[in-house]
Number of protein chains: 2
Amino acid sequence: MTRVRMDLFVSLDGYTPSPEDPPGNPMGEDWGRLTEAYVATRTFREKVFGDTSRAGTTGVDDAFASAFFEGVGAEIMGAAMFGLHSFPDDPDWKGWWGDTPPFGTPVYVLTHQAPKEPIAMDGGTTFHFRAGAIEDVLAEATGAAGDLDVRIGGGYRTAQAFLRAGLVDDLHLQVAPIFLGRGNRLWDDLVGLDRTHTVTSQVAESGVIHVVARR
Amino acid sequence: MTRVRMDLFVSLDGYTPSPEDPPGNPMGEDWGRLTEAYVATRTFREKVFGDTSRAGTTGVDDAFASAFFEGVGAEIMGAAMFGLHSFPDDPDWKGWWGDTPPFGTPVYVLTHQAPKEPIAMDGGTTFHFRAGAIEDVLAEATGAAGDLDVRIGGGYRTAQAFLRAGLVDDLHLQVAPIFLGRGNRLWDDLVGLDRTHTVTSQVAESGVIHVVARR
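Small disclaimer: the values here were computed from a predicted structure and weren't measured. (Residues numbered from 1 in each chain as written. Chains lettered and ligands numbered in written order. Predicted model: local features only at pLDDT ≥ 70, side-chain atom pairs only at ≥ 80, totals over all residues. Heavy atoms only, no water.)

S.K.: How do you make sense of the overall build of chain A when you look at a structure like this?
M.R.: When helices and strands are tallied, chain A shows 7 helices and 11 strands. Rg of the C-alpha trace for chain A: 17 Å, near the compact-globule value of 17 Å for 215 residues, within the 12% margin. The principal-axis extents of the C-alpha atoms in chain A amount to approximately 45 × 45 × 35 Å. When contacts within chain A are restricted to residue pairs at least 6 apart in sequence, long-range pairs at least 24 apart make up 67% of them. (Helix = DSSP H or I, 4+ residues; strand = E, 2+ residues; numbered from the N terminus. Rg over C-alpha atoms; globule rule 2.2 N^0.38 Å. Contact = heavy atoms within 4.5 Å.)

Printed below as a string of structure tokens:
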């Protein structure tokens with residue numbers, strides 16, 4: 001049974017970096033602090049950097065990082081996360097992830113730009129571009145995922161749309177114990193979530209709090 | 001060496017109940033949900049309800065509840081927490097805690113009302129009423145505490161004043177994994193706290209996340 005999953009990075013005071021981050025620099029200072037523990041994991045280093053030296057942290061952060069890459073049959077992301085807003089005039093732009101993106105599934109990119117042909121990458125990732133309603137794109141992704149899950153990959157505005165529509169079954173929040181005081185206010189999108197989802201938490205060796213809300 | 005301590009109840013989205021709670025009802029619905037795990041502890045039942053049956057939860061919540069009552073030599077609280085705003089015309093009002101309040105120390109109540117004589121209660125608690133600057137009241141409380149700590153007891157506006165003035169050495173947040181979406185926005189008062197304090201977290205059996213920020 002396909003479930004709709006989402007993983008987000010957030011500070012304890014509920015902020016994710018704002019779209020005012022410098023174009024072409026999706027890894028600003030705040031973002032770096034939020035993702036530091038994840039980027040340090042062995043799984044991230046293997047899957048995203050292709051580092052096979054088995055360096056990187058193990059433990060709770062790595063267990064969540066590993067789960068992040070398992071059981072996903074299709075992905076949905078926003079145009080900004082794919083990079084369409086940063087490189088609007090480059091017809092050959094193929095995302096931030098190099099020739100072999102770490103998804104290995106169909107990836108549906110939400111965009112209001114002119115229709116664009118799918119892009120097949122190495123490693124099983126194919127980027128599709130869709131301008132329809134999120135419910136319609138989710139239905140298509142669910143069909144493509146088979147028995148596996150659909151992941152909503154971000155960025156923030158895409159996540160917000162799915163959260164506010166009540167479409168997320170399993171939400172994993174990687175909460176950094178920092179108080180940023182700036183950015184998008186994710187907590188505002190989750191009011192009352194504990195009434196529809198069961199919320200559990202676990203603290204990693206890094207100090208990061210992993211909060212899981214499961215419908 | 002005296003340290004300035006504070007314990008607060010907050011939802012994961014950073015809210016504590018608002019002063020618009022009904023007068024005379026400091027235990028509204030939100031407050032009840034935030035304090036549920038604490039009120040269920042064996043320590044709270046013993047210390048506040050006088051329940052000596054040894055009923056109540058043990059474990060992480062109870063360890064924090066027990067620490068709450070240890071090592072405090074003086075307390076500071078706001079007029080609203082003492083109840084002066086709820087019972088402004090009752091000259092015999094002695095707080096919410098009955099004849100034997102659980103403090104057992106001098107308690108400094110911040111108030112702008114007319115000077116008021118101290119009230120000595122059973123069990124070692126004496127309520128003093130002060131109209132001075134928080135720094136001056138803190139200096140007096142520190143003197144009274146001897147080698148023990150000073151606790152800032154609340155309510156929210158009192159806590160906010162001490163937090164924003166940078167006067168709190170040890171902050172314990174009992175974070176309920178709920179998303180209230182209403183109340184006072186405590187997170188706004190803590191921006192950058194992780195740069196001056198070391199933040200550690202622990203999840204209790206109840207699901208409550210205990211976050212400690214220590215200077």
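S.K.: How do you make sense of the relation of the copies chain B and chain A when you look at a structure like this?
M.R.: A rotation about some axis, followed by a shift along it, carries one copy of the chain onto the other. Mapping chain B onto chain A calls for a screw motion: a turn of 180° about the axis and a shift of 0.0 Å along it, with 0.0 Å RMSD after fitting. Such a combination of turn and shift is consistent with a two-fold rotation axis. Take the interface residues of chain B: 100% of them recur as interface residues in chain A, which is what a same-surface contact looks like. (Least-squares fit on C-alpha atoms with pLDDT ≥ 70 in both.)

S.K.: Can you walk me through unusual backbone geometry in this structure?
M.R.: One can expect most non-glycine residues to show negative phi and most peptide bonds to be in trans. All names here are of chain A. Of note, the bond from glycine 154 into glycine 155 is cis; its omega dihedral lies within 30 degrees of zero at 5°. Secondary-structure assignment places glycine 155 in the loop between β7 (149-152) and α6 (156-164). Located in the positive-phi region is arginine 54, a residue other than glycine, with phi close to 65°. Take arginine 54: it is sitting in the loop between α2 (42-47) and α3 (60-68). Residue arginine 54 is classed as exposed on the basis of its relative accessible area, which comes to 51%. (Buried < 20%, exposed > 50% of the residue type's maximum accessible area, 1.4 Å probe, protein only.)

S.K.: Sorry if this is basic, but what is going on with the pairing of strand β10 (residues 198-203) of chain B here?
M.R.: Within a regular beta strand, the side chains point alternately toward one face of the sheet and then the other, so they alternate between its two faces. Residues and elements named next belong to chain B. Bridging between β10 and strand β11 (residues 209-214) involves 6 bridges; their strand directions are antiparallel. Looking at the pairing, valine 203 lines up with isoleucine 209 of β11. Counted between consecutive antiparallel strands, the loop separating β10 from β11 contains 5 residues, among which glycine 207 sits at a positive phi close to 100°. (Pairing = 2+ DSSP bridges.)

S.K.: Can you help me understand the sheet that holds strand β6 (residues 126-130) of chain A in this one?
M.R.: Strands pair in a sheet through their backbones, by hydrogen bonds, and they do so in one of two ways: parallel or antiparallel. Residues and elements named next belong to chain A. Taken in spatial order, the 9 strands of this open sheet run β5-β6-β4-β3-β7-β1-β8-β11-β10, and their pairing is mixed. Single-partner strands in this sheet number two, and they are β5 (119-120) and β10 (198-203). Of the strand pairs in this sheet, β5 and β6 are connected by 2 bridges, and their pairing is antiparallel. Bridge pairing in β6 links alanine 120 to threonine 126. Against the sheet, α3 touches β1 (4-11), β3 (72-78), β7, β8 (170-176), β10 and β11 (209-214), its axis set at about 40° to β11. (Axes fitted to C-alpha atoms, helices over the stretch in contact; angles between N-to-C directions.)

S.K.: Help me out: how do you make sense of the interface of chain B and chain A in this one?
M.R.: In this complex, chain B contributes 27 residues to the contact, which on the side of chain A involves 27 residues. Taking both partners together, chain B and chain A bury about 2000 Å²; carbon and sulfur atoms supply 60% of that area. Taken together, chain B and chain A are joined by 4 salt bridges. In this structure, the salt-bridge partner of arginine 33 of chain B is aspartate 194 of chain A, at a minimum N-O distance of 2.5 Å. Taken together, the links from chain B to chain A amount to 10 residue pairs in polar contact (both at pLDDT 80 or more). Elements with a contribution of two residues or more to the side of chain B that touches chain A: α1 (29-39), α7 (193-196), β10 and β11 of chain B. (Buried area = accessible area lost by both parts, 1.4 Å probe. Salt bridge = Lys/Arg side-chain N within 4 Å of Asp/Glu carboxyl O. Polar contact = N/O pair within 3.5 Å; in protein donor to acceptor, adjacent residues only side chain to side chain.)

S.K.: Got a minute to help me understand the pattern of salt bridges in this structure?
M.R.: Side-chain pairing between opposite charges can occur once the charged atoms of the two side chains come close. Under the defined criterion, the tally for this structure stands at 28 salt bridges over all chains. Across the pair aspartate 170 of chain A and arginine 3 of chain A runs a salt bridge whose closest N-O atoms are separated by 2.6 Å. Highlighted residues: aspartate 170 of chain A in strand β8 and arginine 3 of chain A in the segment before β1, separated in sequence by 167 residues. What makes aspartate 170 of chain A buried here is its relative accessible area of 10%. A cluster of three or more residues bridged by salt bridges with shared partners is formed by Glu29, Asp30 and Arg182 of chain A together with Arg195 of chain B.

S.K.: It is not clear to me how the nonpolar core should be interpreted in this structure. Could you clarify?
M.R.: As a rule of thumb, soluble globular proteins bury nonpolar side chains together. In this structure, Leu173 of chain A together with Leu173 of chain B are the most contacted members of the largest nonpolar core, which totals 68 residues. If sequence neighbours within four positions are ignored, leucine 173 of chain A has contacts with Leu8, Val10, Leu186, Trp187, Leu190, Ile209, His210 and Val211 of chain A together with Phe179 of chain B. (Core = buried A, V, L, I, M, F, W, Y, C linked by side-chain atoms within 4.5 Å.)

S.K.: Please explain helix α5 (residues 134-145) of chain B as it appears in this structure.
M.R.: For an α-helix the count is 3.6 residues per turn, leaving residues at separations of three or four pointing the same way. All names here are of chain B. Over its 12 residues, α5 runs 16 Å from end to end, which matches the ideal 16 Å to within 8%, given 1.5 Å per residue. Where α5 is concerned, the buried positions are Ile134, Val137, Leu138, Ala141 and Ala145. When α5 is viewed along its axis, its buried side chains cluster within an angular range of 100° and face the same direction. Opposite the buried face of α5, by more than 90 degrees, sit the exposed residues Asp136 and Gly143. Buried-residue contacts for α5 involve β1 (4-11), β3 (72-78), β4 (106-110), β6 (126-130), β7 (149-152) and α6 (156-164). Following α5 by one or two positions, glycine 146 adopts a phi angle in the positive range, close to 60°. (Expected span 1.5 Å × (residues − 1). Arc of directions from axis to C-beta.)

Functional significance is not addressed by these values, which are geometric in nature.
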